[in-house]
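Architecture at a glance
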Amino acid sequence: MSYVFREARPDDAEALLVHLKTVGGETDNLTFGSEGFSISPEREARFIGRFIKNFDEVMYVVTDGSLIVGNGVIERERIPRLSHRARLTLTVMRDYWGQGIGKRLMKMMIEFCKSTSADVISLEVRADNDRAISLYLKYGFIVSGTLQRYFKIKGEYHDACIMELQL
Ligand SMILES: CC(C)(COP(=O)(O)OP(=O)(O)OC[C@H]1O[C@@H](n2cnc3c(N)ncnc32)[C@H](O)[C@@H]1OP(=O)(O)O)[C@@H](O)C(=O)NCCC(=O)NCCS
């Protein structure tokens, strides 16, 4: 695997918006579809800037040439009583599944959280997304609850699992 794993930079904005549209259209597992995020590259660049500025949040990208093929994000709550909690999101483009990209991003994000004294990492995952759930279980996450009818996609409801890792 000759992909580059690194922190996102503001000049990744355009490629990142393409990545989000692509992964959104490839499965119904995410909170968005093929529309991705309808924001300008300038706004996305400012969003990426936040991760560079904040020592306790990070956005990683995986690149194959000019293409962003993977994206992992750790965000922190700003409310003081919730600020020990980190939130994780992860996407890999379908053509790149099964090559260990998801696992390597998970490892990087967990190590990052440990270095910033987060106590809990949480995420929501569609309850039938076996692939992602087995990846999270592998890294010690447990299912701590269910959000019923979390997604409504094309008129159909889908539950989500809340998964958490206590650090
Ligand atoms: C979930 C996702 C991030 C996994 O990324 P990936 O790069 O394919 O993951 P890896 O190649 O590192 O595989 C990691 C683990 O996934 C699981 N996995 C892989 N293929 C699987 C399959 N067919 N069935 C079940 N689990 C599978 C395994 O636990 C695997 O670990 P192993 O190789 O030690 O057995 C990727 O499929 C994806 O982006 N899916 C669409 C978006 C999404 O669902 N994101 C998560 C939202 S919460």
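Just above, that's the structure.
Given the structure is predicted, the values throughout are model-derived calculations rather than measurements.

Moving on, we come to the overall build of the protein chain. What the protein chain contains, in helices and strands, is four helices and seven strands. In terms of overall size, the protein chain behaves like a compact globule, its C-alpha atoms giving a radius of gyration of 15 Å where 167 residues would be expected to give roughly 15 Å. Structurally, the protein chain occupies a C-alpha span of about 40 × 40 × 30 Å along its principal axes. Within the protein chain, buried positions represent 26% of all 167 residues. Intrachain contacts of the protein chain at a sequence separation of at least 6 include 60% that bridge at least 24 residues.

On the basis of which strands lie adjacent, the open sheet formed by seven strands has the order S1-S2-S3-S4-S5-S7-S6 and mixed pairing. Edge positions in the open sheet fall to strand S1 (4-7) and strand S6 (142-153), since each of these has one partner strand only. On average, each strand axis in the sheet is inclined to that of its neighbour by 25°, with strand direction left out of account. Where S1 meets strand S2 (residues 58-64), four bridges bridge the pair, whose relative direction is antiparallel. From the neighbouring strand, Glu7 faces S2, where its bridge partner is Tyr60.

Right, let's get into the site of the ligand. Every one of the 23 residues lining the ligand counts as a neighbour, but Asn29, Trp97, Gly102, Lys103 and Ala132 are closest to it. Examining the composition of the shell around the ligand, we find that six residues originate from one element, helix H4 (residues 130-138), more than from any other. Looking at the shell around the ligand residue by residue, the class counts come to 10 nonpolar, nine polar and four charged.

Right, let's talk about the packing of helix H1 (residues 13-26) against helix H2 (residues 41-53) for a bit. Where H1 meets H2, the closest approach of the two axes is 8 Å, and the angle between their N-to-C directions is 100°. Relative to H2, H1 is oriented roughly perpendicular. Side by side, H1 and H2 meet where Ala13, Glu14, Leu16 and Leu17 of the first sit next to Pro41, Glu44, Ala45 and Ile48 of the second. Split into classes, the residues belonging to the contact of H1 with H2 amount to six nonpolar, no polar and two charged.

With 14 residues, H1 extends 20 Å from end C-alpha to end C-alpha; this agrees with the ideal 20 Å at 1.5 Å per step. Those residues of H1 that sit buried are Ala13, Leu16, Leu17, His19, Leu20 and Val23. Buried residues along H1 cover an arc of 155° about the axis, so they all sit on one side. Against the buried residues of H1 lie H2, S2, strand S3 (67-76) and strand S4 (85-92).

Next up on the list: unusual backbone geometry. With the exception of glycine, the majority of residues adopt a negative phi angle, and the majority of peptide bonds are in the trans configuration. One non-glycine residue with positive phi stands out, namely Ser117, at about 60°. Within the secondary structure layout, Ser117 lies in the loop between helix H3 (101-115) and strand S5 (120-126). For Lys154, which is not glycine, the phi dihedral falls at a positive 50°. Residue position: Lys154 is located in the loop between S6 and strand S7 (156-166).

Conventions we followed
Residues numbered from 1 in each chain as written. Predicted model: local features only at pLDDT ≥ 70, side-chain atom pairs only at ≥ 80, totals over all residues. Helix = DSSP H or I, 4+ residues; strand = E, 2+ residues; numbered from the N terminus. Rg over C-alpha atoms; globule rule 2.2 N^0.38 Å. Buried ≥ 20, exposed ≤ 12 C-beta atoms within 10 Å, placed from the backbone. Contact = placed C-beta atoms within 7 Å. Pairing = 2+ DSSP bridges. Axes fitted to C-alpha atoms, helices over the stretch in contact; angles between N-to-C directions. Near = placed C-beta within 6 Å. Nonpolar A, V, L, I, M, F, W, Y, C, P; charged D, E, K, R; others polar. Parallel < 35°, antiparallel > 145°, perpendicular 65-115°, else oblique. Expected span 1.5 Å × (residues − 1). Arc of directions from axis to C-beta.

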